[in-house]
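# Geometric and topological summary
Residue strings, one per chain:
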Protein chains: 2
Amino acid sequence: MIESLRPFFNPLGVAVIGASSNPAKLSYGILENLKQYGYSGEIYPVNPKSDVILGLQCFPDIRSVPDPVDLAVVVLPANFAPQVLRDCAQRGIKAVTIISGGFKEVGDEGRALEEECLIIARENGIRIIGPNCVGTMDLYSGLNTTFIRGVPDKGGIGFLSQSGAICGGVVDYVKGKGVGFSHFISMGNELDVTETDMIAYLGEDEHVKVIAGYVEAIEDGQRFVEVVKEVSKKKPVVLLKAGRSQAGARAVSSHTGSIAGSHAAYQAAFAQSGVIEVNTVSELFDVALAFDKQPLPVGKNTAIITNSGGPAALASDALSAHSFELADLSIETKEKLRAILNPSAQVANPVDMLGGAEPHEYENALKAVVQDDNVDNVLTILVPTSLVDPREIAHSILAACKNQPKTSLSVIFGEESIAEPRKILHANNIPMYVFPETPAAVLGAMSRYKDWKNKPADEPWIAPAYQREIASQLLGRNNHSSSVGEADTRPILKAYGIPVIEGEFASSGSMAATIAEKMGFPVVMKIVSPDILHKSDMGGIRLNISDPESVLTAFYEMVEDVQRKMPKAHIEGVLIERMATKGSEVIIGMKRDPSFGPLMMFGLGGIYVELFKDVGFCISPSSRDQVLEMIDSTRAGQLLAGLRGQTAADVDAIVEIVMRMADLARDFPQIQEMEINPLRVFDQGHGALALDGRIILG
Amino acid sequence: MIESLRPFFNPLGVAVIGASSNPAKLSYGILENLKQYGYSGEIYPVNPKSDVILGLQCFPDIRSVPDPVDLAVVVLPANFAPQVLRDCAQRGIKAVTIISGGFKEVGDEGRALEEECLIIARENGIRIIGPNCVGTMDLYSGLNTTFIRGVPDKGGIGFLSQSGAICGGVVDYVKGKGVGFSHFISMGNELDVTETDMIAYLGEDEHVKVIAGYVEAIEDGQRFVEVVKEVSKKKPVVLLKAGRSQAGARAVSSHTGSIAGSHAAYQAAFAQSGVIEVNTVSELFDVALAFDKQPLPVGKNTAIITNSGGPAALASDALSAHSFELADLSIETKEKLRAILNPSAQVANPVDMLGGAEPHEYENALKAVVQDDNVDNVLTILVPTSLVDPREIAHSILAACKNQPKTSLSVIFGEESIAEPRKILHANNIPMYVFPETPAAVLGAMSRYKDWKNKPADEPWIAPAYQREIASQLLGRNNHSSSVGEADTRPILKAYGIPVIEGEFASSGSMAATIAEKMGFPVVMKIVSPDILHKSDMGGIRLNISDPESVLTAFYEMVEDVQRKMPKAHIEGVLIERMATKGSEVIIGMKRDPSFGPLMMFGLGGIYVELFKDVGFCISPSSRDQVLEMIDSTRAGQLLAGLRGQTAADVDAIVEIVMRMADLARDFPQIQEMEINPLRVFDQGHGALALDGRIILG
């Protein structure tokens with residue numbers, strides 16, 4: 001698969017189909033870019049009306065293009081695309097970038113055109129990037145099939161984007177800043193090659209140190225997780241996801257014709273595949289820059305060397321917000337600093353050398369701090385003053401921090417005076433940021449990645465033997481309805497080994513009393529009706545009933561109550577259950593995501609889910625550890641783990657039930673949603689018990 | 001007071017004391033700046049060793065400086081300061097800016113020097129800015145007493161900073177960007193003139209449209225709130241506070257010698273004085289820029305006009321995160337847009353005109369959207385392409401958005417190509433940002449300010465008559481100890497009209513049984529010991545005791561329990577209370593902040609405060625409304641207000657108790673901390689009851 005993508009970056013020859021001799025046209029810009037950035041292969045403009053464009057010999061059609069050629073860049077109107085693909089197939093070209101728009105993003109006609117193209121591509125083994133894209137750049141081969149003005153510097157960031165405009169903006173933004181890229185890829189509509197294919201490709205490319213991407217929608221979420229969790233063990237994958245809010249998701253779908261899906265599913269998928277998610281465009285490049293240029297932090301203890309206290313205080317606040325700490329400098333280091341620096345300087349961390357700090361003070365102080373075993377990371381801050389040349393400070397930073405194993409970042413606050421020192425620092429692998437708050441977010445991202453990378457492989461989940469036939473039969477007899485009745489939900493859960501409270505159905509009051517007596521008091525009574533989903537809201541649940549007479553009374557009262565509140569509800573009878581012993585109540589749920597499959601949910605029961613929105617998510621398939629991480633990510637998880645000396649609850653039992661519920665969801669795609677609410681969780685070692693559940697079919 | 005600060009910005013003449021003819025010295029830079037930015041008053045260098053500096057006649061001492069002169073800028077070493085102030089007093093100069101460092105920030109000697117200076121200043125009616133500061137600029141009078149290279153553009157932002165370095169960095173950062181300033185003030189150590197004085201001054205200055213500041217520590221918090229809440233009703237006050245975390249606070253205090261205080265107190269004070277708090281340096285100027293140039297948003301419905309979908313989706317996500325919405329464009333507007341734009345363009349909001357959008361399309365689309373009544377705010381996004389000149393788009397934006405009443409912001413994503421359009425837009429009062437996420441944070445801040453500005457004046461709290469004498473006497477007899485005993489805490493609270501559960505003290509088991517019988521069962525028993533603060537942890541509380549024998553048993557068991565756990569505790573007996581009826585349990589507390597005075601706290605009782613950190617704060621004095629806002633700011637507040645059809649609790653009763661507790665704290669400064677935990681709150685109209693309380697003296 002990966003070999004089939006090579007021609008998009010390092011082709012033997014490129015044909016530009018629809019090349020124009022008019023400098024105002026995009027295709028002219030593409031030819032210019034192909035010529036000027038060092039690409040050494042052949043370039044063939046295709047246009048029946050021209051002989052020579054930009055000094056390149058023109059060809060009337062694809063068939064007449066000579067060897068070598070293995071990439072076609074298409075700039076013709078959309079409706080020509082199928083024929084162009086057929087021609088490419090005939091000419092033996094297996095990689096086609098379709099720059100042109102006018103496809104899925106403009107409506108049904110365009111969507112049909114895409115389908116036609118895909119069939120041709122599949123029949124002929126052609127890979128397509130686009131349509132509706134800006135093209136690709138490989139900063140190492142020098143290939144540039146885009147019409148963007150300018151290129152970024154060469155480096156280790158492999159960038160892909162589902163928005164072409166973002167590509168153009170990013171080049172304008174990073175140009176000349178020494179932020180180094182290896183690849184620049186506009187994905188367009190992803191008719192064939194997807195973001196996942198491209199991440200896999202960049203994962204294998206030796207020039208790529210970090211993969212950074214802007215994504216709007218991932219169509220095959222399950223494959224994304226499968227592929228990316230492997231890539232991210234080798235190199236960081238940093239993604240910015242648009243369409244996190246409802247408004248953003250609407251904006252995305254009106255713009256690309258894709259469905260963004262729920263952000264909870266994306267977040268869970270990112271966490272489970274080791275993706276470092278960022279929240280803004282600036283953060284994307286701030287973080288990618290550091291991954292490209294610096295080693296991962298070995299710990300959280302950070303030293304700040306500064307010529308001004310204010311920015312150091314802001315940096316300290318930001319470090320704290322990302323769970324980093326100010327390192328306690330050793331006595332030895334402080335003595336060294338005292339000997340080097342102005343007597344008024346502050347030698348505790350942040351080391352404030354005051355406004356007059358000179359280049360040799362920066363250099364010596366940094367050297368002292370870098371050698372301190374208590375220091376894991378070094379942050380240098382400079383606020384330019386009229387007394388010092390920022391370029392000299394940049395060299396001081398390099399003298400102390402270049403090529404050593406501690407993570408070194410720098411801040412130079414300003415605009416006019418930072419351009420030159422930034423070039424010096426970036427050319428020597430020290431990231432430089434403008435604002436004192438930025439390095440903390442960057443270190444935070446690096447540290448999250450380090451945790452992921454160092455995590456031992458999860459034990460694979462081996463599904464136990466389920467009574468699949470029973471579940472299948474019970475689900476089958478409910479497929480006329482949108483939800484599974486209470487009486488069938490429980491045995492379905494039980495068929496998958498989920499402990500469910502014992503209950504027996506009674507169609508009359510006297511039958512209920514007999515069952516209760518046999519079962520033992522106290523009991524719980526619940527109304528059974530296919531028309532009622534929320535029983536407690538309808539007066540359909542009675543707890544703690546302790547003798548046969550009360551069972552009788554409760555039966556008639558409940559039926560009356562429900563009939564008054566929902567006169568049309570068909571009441572079948574009641575369910576009698578033994579009162580469960582005390583424990584914590586939690587909710588576990590499943591909702592099928594269109595892209596990522598079963599999305600599992602965990603939260604505290606009762607009013608607190610609503611009040612505190614304290615829920616965690618994970619997507620299935622997952623490991624037991626990932627489910628445990630979902631639980632631990634909530635406050636409820638802390639509570640169950642035994643906060644403040646309380647007895648710990650049986651969290652392992654919850655994990656087991658989530659795993660089984662996820663298997664049930666994967667085995668039966670007709671299940672759209674499922675919920676166990678409440679799940680009563682007993683003390684550690686004593687299990688958990690589903691007190692109620694529901695299953696919604698789709 | 002305000003008149004006394006005028007010479008710092010618009011003096012008749014300035015003497016620079018310690019002026020040097022050496023271009024490498026700061027004082028030389030100050031003279032250069034005084035000469036070159038249009039200041040029309042007299043400039044007098046003072047230096048006994050020079051005749052002329054920079055073409056200005058030099059004077060040997062302050063006494064010999066001729067009229068007019070009403071500002072002295074001092075650049076001599078710190079130890080000269082007292083004599084200089086005496087000389088200034090003799091010469092009749094009442095405004096002195098001390099640039100020199102070497103004062104409080106370097107230790108005790110410097111602190112003593114400051115105290116000496118303050119005495120001289122107060123005796124002679126001299127106002128001092130600094131020491132250890134960078135000076136002041138007034139962009140309208142042209143005065144510039146700083147040694148910073150360059151000045152920002154002229155505009156409406158009055159900026160003050162407790163960090164001099166930040167001043168220098170900000171000038172470097174904003175220079176040439178069209179971000180307009182009226183004043184630029186480095187506060188230094190605030191020996192005399194404080195941030196509060198300066199905010200009051202800027203509040204009165206007609207050129208100031210918005211006050212922006214960087215603060216590290218506010219020494220007189222009570223006065224800050226009193227002054228700023230008035231200023232902020234006239235113009236926005238936007239502050240960035242450093243030292244929010246423990247690490248940041250340590251950094252601040254090592255740097256300035258001030259105590260930063262708790263950030264909870266700052267946040268409460270900011271909320272109660274209408275300060276718009278921002279979190280980063282960039283946000284400070286992003287927000288100030290918009291306040292200077294644009295009207296406040298009339299609503300939350302925002303239209304986005306863009307040439308690219310990706311950035312519009314990111315902007316939408318960010319708007320959503322700040323509770324703004326994408327406006328539903330009217331049918332009429334959509335028809336207009338359809339007529340104007342490319343047929344593939346998206347005419348629903350975000351209006352995506354696609355990559356080829358030309359200047360006239362921007363202009364016409366913006367005009368259509370500005371006229372739509374459904375639209376409150378307009379955000380224009382441009383990602384530069386090779387097809388269009390961003391300067392032309394800037395003019396299109398102006399043609400549609402300049403000088404109209406809807407809030408108009410713009411984004412041009414890039415770097416190289418944005419400098420020119422930014423100048424055009426800023427010169428015409430349309431703020432321009434680089435990243436698509438920024439405008440949402442800006443609109444959010446503007447909207448918060450609008451809410452503050454439109455809020456009707458709170459009803460003043462008129463303290464009821466308290467039994468102050470009783471409280472005074474009871475507190476007095478506890479002043480040998482660090483906390484007030486339980487038996488005295490309750491009557492103190494009662495003396496301030498706080499309902500406290502009735503309790504009677506029993507020193508023996510039989511006495512306890514007799515009291516319980518008289519009171520009526522069920523009762524609660526609590527151990528009474530001056531040595532035990534957390535009774536329940538020690539087994540010192542028994543609930544729901546329902547007969548005399550159980551009282552006897554409980555008495556002996558409790559005493560035994562406590563003695564086993566704390567053998568040295570002196571046990572006086574038990575307190576017998578009637579079991580209170582059911583209700584919600586909350587905590588209210590008070591902690592005296594060194595800067596802001598009594599800091600009141602409200603939170604849900606039980607384990608949830610710890611688990612969810614769901615607490616609100618407010619500082620006293622406050623109005624009842626502010627206390628209500630504190631309660632409403634928590635999730636517990638939502639719960640008490642009657643979430644999901646539950647009965648609402650008596651929130652008014654909580655407010656009343658907080659007000660009374662705050663009065664108690666203000667009347668008795670020896671009270672360091674106070675807590676009612678739990679306060680049991682009954683249904684609306686049924687009050688609340690303190691079940692337990694404690695008072696810590698300091």
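Residues numbered from 1 in each chain as written. Chains lettered and ligands numbered in written order. Predicted model: local features only at pLDDT ≥ 70, side-chain atom pairs only at ≥ 80, totals over all residues. Heavy atoms only, no water.

## Side note on the overall build of chain A
Put simply, the rule reads: We count a stretch as a helix when DSSP gives it H or I for four or more residues in a row; a strand needs E for two or more, and each element gets its number in order from the N terminus. Exposure categories follow from relative accessible area, calculated using a 1.4 Å probe and restricted to protein chains: below 20% of the type maximum is buried, above 50% is exposed, and the middle band is partly exposed. In this description, contact between two residues means that some pair of their heavy atoms is separated by no more than 4.5 Å. Calculation of accessible area relied on Shrake-Rupley with a 1.4 Å probe; when residues are assessed, cover is drawn exclusively from the protein chains displayed. In this tally Asp and Glu are treated as negative and Lys and Arg as positive; neither His nor the chain ends contributes. Note that the charge is assigned to NZ on lysines, CZ on arginines, CG on aspartates and CD on glutamates.
Per the secondary structure count, chain A includes 23 helices and 30 strands. With respect to the principal axes defined by its C-alpha atoms, chain A has extents near 95 × 80 × 40 Å. Looking at chain A as a whole, 61% of its 698 residues are labelled buried. Pairs at least 24 residues apart make up 72% of the contacts formed inside chain A by residues separated by at least 6 positions. Accessible surface, chain A as shown: approximately 26,900 Å² in total, 50% of it carbon and sulfur. For chain A, the separation between the mean place of its 63 positive charges and that of its 86 negative charges on side chains is 1 Å.

## Quick look at unusual backbone geometry
At the junction of Ser-620 of chain A and Pro-621 of chain A, the peptide bond is cis and its omega measures out at 5° in the coordinates. Within the fold, Pro-621 of chain A resides in the loop between strand S27 (615-619) and helix H21 (624-632). Residue Pro-678 of chain A is reached from Asn-677 of chain A by a cis peptide bond, and omega for that bond is 0°. Following the sequence through the fold, Pro-678 of chain A ends up in strand S28 (residues 671-681). A positive phi angle, close to 50°, is found at Leu-54 of chain A, a residue other than glycine. Mapping Leu-54 of chain A onto the fold places it in the loop between strand S3 (52-53) and strand S4 (56-57). Its relative accessible area of 27% is what places Leu-54 of chain A among the partly exposed residues. Despite not being glycine, Asn-132 of chain B has its phi angle at roughly 65°, a positive value. One can find Asn-132 of chain B in the loop between strand S7 (127-129) and strand S8 (136-138).

## Remarks on the relation of the copies chain B and chain A
Selection rule: The superposition of copies rests on a least-squares fit of C-alpha positions from residues with pLDDT of 70 or more in both.
Aligned on chain A, chain B shows an RMSD of 0.2 Å; the corresponding rotation is 180° and the shift along the axis is 0.0 Å. The superposition of one copy onto the other is thereby described by a two-fold rotation axis. Of every C-alpha in chain B, the one belonging to Phe-612 of chain B sits nearest the axis of rotation, 3.9 Å from it. Interface residue correspondence from chain B to chain A reaches 100%, placing this contact among same-surface, isologous pairings.

## Some remarks on the side chain of Asp-561 of chain A
Residues and elements named next belong to chain A. For clarity, the cut-off: Identification of polar contacts relies on pairs of N or O atoms within 3.5 Å, with a donor-acceptor requirement for protein atoms, meaning one able to donate a hydrogen and the other able to accept it, and with residues adjacent in sequence counted only if both atoms are side-chain atoms.
Tracing the backbone through its elements, the reader meets Asp-561 in helix H19 (residues 548-565). There is a polar contact of 3.2 Å between the side chain of Asp-561 and the side chain of Arg-564. In this view, Asp-561 contacts Met-538 and Gly-539; residues no more than four positions away in its chain are not counted.

## Section: a negative patch on the surface
Residues and elements named next belong to chain A. The cut-off we apply is this: Without a salt bridge and with relative accessible area above 30%, a residue can belong to a patch; like charges are then joined within 9 Å and nonpolar side chains (Val, Leu, Ile, Met, Phe, Trp, Tyr) within 5 Å. Whenever Lys or Arg places a side-chain nitrogen within 4 Å of a carboxyl oxygen from Asp or Glu, that contact is recorded as a salt bridge.
A contiguous patch of negative charge on the surface is contributed by Glu-219, Asp-220, Glu-226 and Glu-230. With respect to the helices and strands, Glu-226 occurs in helix H6 (residues 221-234). Under the relative-accessibility criterion, Glu-226 is labelled exposed at 53%.

## A few points about the UniProt feature "domain: Rhodanese" (unreviewed entry) in chain A
Formally: UniProt positions are given in the numbering used here, feature names are shortened, and annotations may be inferred rather than shown by experiment.
With numbering aligned to this structure, UniProt lists the feature "domain: Rhodanese" (unreviewed entry) at residues 79-115 of chain A. The distance from the first to the last C-alpha atom of residues 79-115 of chain A is 12 Å, and the span holds 51% helix and 11% strand.

## Notes on the interface of chain B and chain A
Stated formally: When two parts are put together, the accessible area they lose, computed with a 1.4 Å probe and summed over both, is reported as buried area. When residue character is reported, Ala, Val, Leu, Ile, Met, Phe, Trp, Tyr, Cys and Pro are called nonpolar, Asp, Glu, Lys and Arg charged, and the others, Gly included, polar.
Each side of the interface is counted separately: chain B has 76 residues, and chain A has 76 residues. Summing both sides of the interface, chain B and chain A together bury roughly 6,000 Å²; the carbon and sulfur share of this comes to 64%. Along the contact surface separating chain B from chain A lie six salt bridges. At the surface where chain B touches chain A, the tally comes to 18 residue pairs in polar contact (both at pLDDT 80 or more). Of the residues in the side of chain B that touches chain A, the class split is 35 nonpolar, 23 polar and 18 charged.

## Quick word on the domain arrangement of chain A
Residues and elements named next belong to chain A. How we decide: Note that the domain bounds were set by an automatic or database domain assignment.
Its domain assignment divides chain A into domain 1 (3-290), domain 2 (294-454), domain 3 (468-578) and domain 4 (584-697). The partner domain 4 presents 13 residues to the 15 residues of domain 1 that form the contact. Contact with domain 4 buries area across many residues of domain 1, yet Gln-222, Ala-265 and Gln-272 alone supply 49% of it, more than any other trio. Along the contact surface separating domain 1 from domain 4 lie zero salt bridges.

## Re the packing of helix H2 (residues 81-91) of chain A against helix H3 (residues 108-124) of chain A
Residue and element names in this part refer to chain A. Here is the rule: A fitted line through C-alpha atoms represents every axis, and for helices the fit uses only the stretch in contact; the resulting angles, taken between N-to-C directions, go from 0 to 180 degrees. Each angle is binned into one of four classes, with values under 35 degrees roughly parallel, values over 145 roughly antiparallel, values of 65 to 115 roughly perpendicular, and all other values oblique.
Running from N to C, H2 and H3 point in directions that differ by 5°, and their axes come no closer than 9 Å. The angle between the axes of H2 and H3 places the two elements in the roughly parallel class. Contact residues: Ala-81, Pro-82, Leu-85, Arg-86 and Ala-89 in H2; Leu-113, Glu-116, Cys-117, Ile-120 and Asn-124 in H3. Here the contact of H2 with H3 is composed, by residue class, of seven nonpolar, one polar and two charged.

## Points about helix H14 (residues 390-401) of chain B
All names here are of chain B. Put simply, the test is: Expected span, for any helix, means 1.5 Å times one less than how many residues it has.
Its 12 residues give H14 an end-to-end C-alpha distance of 16 Å, which sits within 8% of 16 Å, the value for a rise of 1.5 Å per residue. For H14, the full list of buried residues reads Pro-390, Ile-393, Ala-394, Ser-396, Ile-397, Leu-398, Ala-400 and Cys-401. Where H14 is buried, its residues contact helix H13 (359-370), strand S17 (377-382), strand S18 (407-412) and helix H15 (419-427). Phi for Asn-403, located one or two positions after H14, is positive at around 55°.

## Quick word on the packing of H13 of chain B against H14 of chain B
Residue and element names in this part refer to chain B. This is how the line gets drawn: Take the far helix as the reference: if the near one is turned anticlockwise from it by less than a right angle, the crossing is left-handed, and if turned clockwise, right-handed.
Packing of H13 against H14 leaves a shortest axis separation of 8 Å and a crossing angle of 25°. Taken together, the axes of H13 and H14 are roughly parallel relative to one another. Of the two possible hands of crossing, H13 and H14 adopt the one that is right-handed. In this structure, H13 contributes Pro-359, Tyr-362, Glu-363, Leu-366, Lys-367 and Val-370 to the contact, and H14 contributes Glu-392, Ile-393, Ser-396, Ile-397, Ala-399, Ala-400 and Cys-401. Grouping the constituent residues of the contact of H13 with H14 by class yields nine nonpolar, one polar and three charged.

## Considerations on H2 of chain A
Residue and element names in this part refer to chain A. Inspection of H2 places Ala-81, Pro-82, Val-84, Leu-85, Asp-87, Cys-88 and Arg-91 among the buried residues, and these make up the whole buried set. Where H2 is buried, its residues touch strand S1 (13-17), strand S5 (71-74), strand S6 (95-98), H3 and strand S7 (127-129). Of the residues trailing H2, Gly-92 is marked for its positive phi of about 80°.

## Quick notes on the packing of aromatic side chains
Residue and element names in this part refer to chain A. Put simply, the rule reads: Note on ring pairs: Phe, Tyr and Trp rings are taken, using the six-membered ring of Trp, and paired if centres are within 6.5 Å. Classes follow the plane angle, with under 30 degrees stacked, over 60 edge-to-face and the rest tilted. Charge-over-ring contacts are defined here by two conditions on Lys NZ or Arg CZ: a distance within 6 Å of the ring centre and an angle within 35 degrees of the ring normal.
Tallied over the entire structure, the rule returns 35 aromatic pairs over all chains. Their ring planes at 50° and their centres at 5.4 Å tell us that Phe-159 and Phe-285 sit as a pair that is tilted. Linking Phe-159 in strand S9 (residues 153-161) with Phe-285 in helix H9 (residues 281-293), this pair joins segments that are 126 residues apart in sequence. Among the residues examined, Phe-159 registers a relative accessible area of 0% and is labelled buried. Considering the side-chain rings of Tyr-266 and Phe-270, the 6.0 Å spacing of their centres and the 65° angle between planes classify their relative orientation as edge-to-face. In this pair, Tyr-266 and Phe-270 are both assigned in helix H8 (residues 263-273), four residues apart and thus about one turn of the helix distant. Phe-270 sits in the buried class, given a relative accessible area of 1%. Of note, Arg-468 hangs over the ring of Phe-668, and the distance from its end group to the ring centre comes to 5.4 Å.

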